[in-house]
Amino acid sequence: MLFLSGIGPRERGSKDIPGVTLDAQGNIVSYDIEKQCHSVFGNVKAVLEDAGSSWDKIVDVTVFLTNMKADFTTYNRIYAEYFKDNQPCRTTVEIKSLPTPIAIELKVIATI
């Protein structure tokens with residue numbers, strides 16, 4: 001089994017967060033949940049493959065959203081695009097904030 005946690009949309013090897021605009025103090029001014037979803041799913045895929053697993057071996061996904069009301073519909077549509085063939089167990093939870101200025105984070109369990 002492979003357990004991934006704290007996978008967010010930050011671009012690998014940088015501090016850039018796709019779709020996020022920050023003010024001078026580092027607070028979120030605006031964000032694009034669609035860009036963040038694509039980025040976080042891409043990051044999960046990369047980590048799975050680096051660990052010797054793959055997207056189709058995901059068995060459980062926990063998704064943390066900071067704004068369920070505003071973002072769930074978009075996130076759910078994009079999630080369905082990525083999980084057409086493999087449909088793991090999924091839990092989606094709204095939380096007040098994440099430790100970095102992001103709107104989505106994933107916890108994933110996969111087989112190797």
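Novice: Can you lay out the overall build of the protein chain for me, pointing to particular residues and giving the numbers?
Specialist: When helices and strands are counted, the protein chain shows two helices and six strands. Taken over C-alpha atoms, the radius of gyration comes to 14 Å for the protein chain, in line with the 13 Å a tight globule of 112 residues would show. Looking at the protein chain as a whole, 39% of its 112 residues qualify as buried. Put simply, 77% of the contacts in the protein chain that link residues at least 6 apart link residues at least 24 apart. Per element, the accessible surface of the protein chain, about 6300 Å² overall, is 50% carbon and sulfur. Counting 12 positive and 14 negative side-chain charges, the protein chain places the centres of these two groups 2 Å from one another.

Novice: Describe the nonpolar core, naming the residues involved and giving the relevant values.
Specialist: Nonpolar side chains tend to gather and get buried jointly when the protein is soluble and globular. Residues Phe41, Val44, Leu48, Ile58, Ile104 and Leu106 are the most contacted members of the largest nonpolar core, which totals 23 residues. Sorting the residues of this core by element identifies strand S1 (2-7), helix H1 (33-50), strand S4 (58-65), helix H2 (68-82) and strand S6 (104-110) as the ones contributing at least two each. Per-element accounting of this core gives the leading share, six residues, to H1. Beyond its immediate chain neighbours, meaning those up to four positions away, Phe41 contacts Trp55, Ile78, Tyr79, Tyr82, Phe83 and Leu106.

Novice: Any details on the packing of aromatic side chains? Residues and values, ideally.
Specialist: Remark: the centre distance and the inter-plane angle together describe each pair of aromatic rings, the angle taken between the planes. Tallying each qualifying case throughout the model produces nine aromatic pairs. Plain terms: the ring middles of Phe41 and Tyr82 are 4.8 Å apart, the flat faces sit at 50 degrees to each other, and that makes the pair tilted. Of this pair, Phe41 sits in helix H1 while Tyr82 sits in helix H2, and the two are 41 residues apart along the sequence. By relative accessible area, which is 0% here, Phe41 ends up buried. Where Tyr79 meets Phe83, the ring centres are 4.2 Å apart and the plane angle is 25 degrees; that geometry is what we call stacked. Overall, the relative accessible area of 7% leaves Tyr79 in the buried class. Aromatic rings pair up to connect Phe41, Trp55, Phe72, Tyr75, Tyr79, Tyr82 and Phe83 into one cluster. The ring of Tyr79 is capped by Arg90, whose NZ or CZ atom sits 4.4 Å from the centre of that ring.

Novice: Now, about the environment of Asn27: what can you tell me, with residues and values included?
Specialist: Here Asn27 is to be found in the loop between strand S2 (20-22) and strand S3 (28-31). Note on Asn27: relative accessible area 43%, which makes it partly exposed. Put simply, Asn27 and Tyr75 are 48 residues apart on the chain and 22 Å apart in space, counted from C-alpha to C-alpha.

Novice: Describe in detail H1, supporting the description with residues and values.
Specialist: The end-to-end C-alpha distance of H1 is 25 Å, a good match for the 26 Å that 18 residues give at a rise of 1.5 Å each. Within H1, burial applies to Ile33, Gln36, Cys37, Ser39, Val40, Phe41, Asn43, Val44, Ala46 and Leu48. Those residues of H1 that are buried are in contact with S1, S2, S3, S4, H2 and S6. Positive phi shows up at Gly52, right after H1, with a value of about 90 degrees.

Procedures and definitions
- Residues numbered from 1 in each chain as written.
- Predicted model: local features only at pLDDT ≥ 70, side-chain atom pairs only at ≥ 80, totals over all residues.
- Heavy atoms only, no water.
- Helix = DSSP H or I, 4+ residues; strand = E, 2+ residues; numbered from the N terminus.
- Rg over C-alpha atoms; globule rule 2.2 N^0.38 Å.
- Buried < 20%, exposed > 50% of the residue type's maximum accessible area, 1.4 Å probe, protein only.
- Contact = heavy atoms within 4.5 Å.
- Areas by Shrake-Rupley, 256 points an atom, 1.4 Å probe, with all protein chains shown as cover.
- Lys, Arg positive; Asp, Glu negative; His and termini not counted.
- Charge placed at Lys NZ, Arg CZ, Asp CG, Glu CD.
- Core = buried A, V, L, I, M, F, W, Y, C linked by side-chain atoms within 4.5 Å.
- Phe/Tyr/Trp six-rings, centres within 6.5 Å; stacked < 30°, edge-to-face > 60°.
- Lys NZ or Arg CZ within 6 Å of the ring centre and 35° of its normal.
- Expected span 1.5 Å × (residues − 1).

Everything listed here is a matter of coordinates, which is why it stays silent on function.
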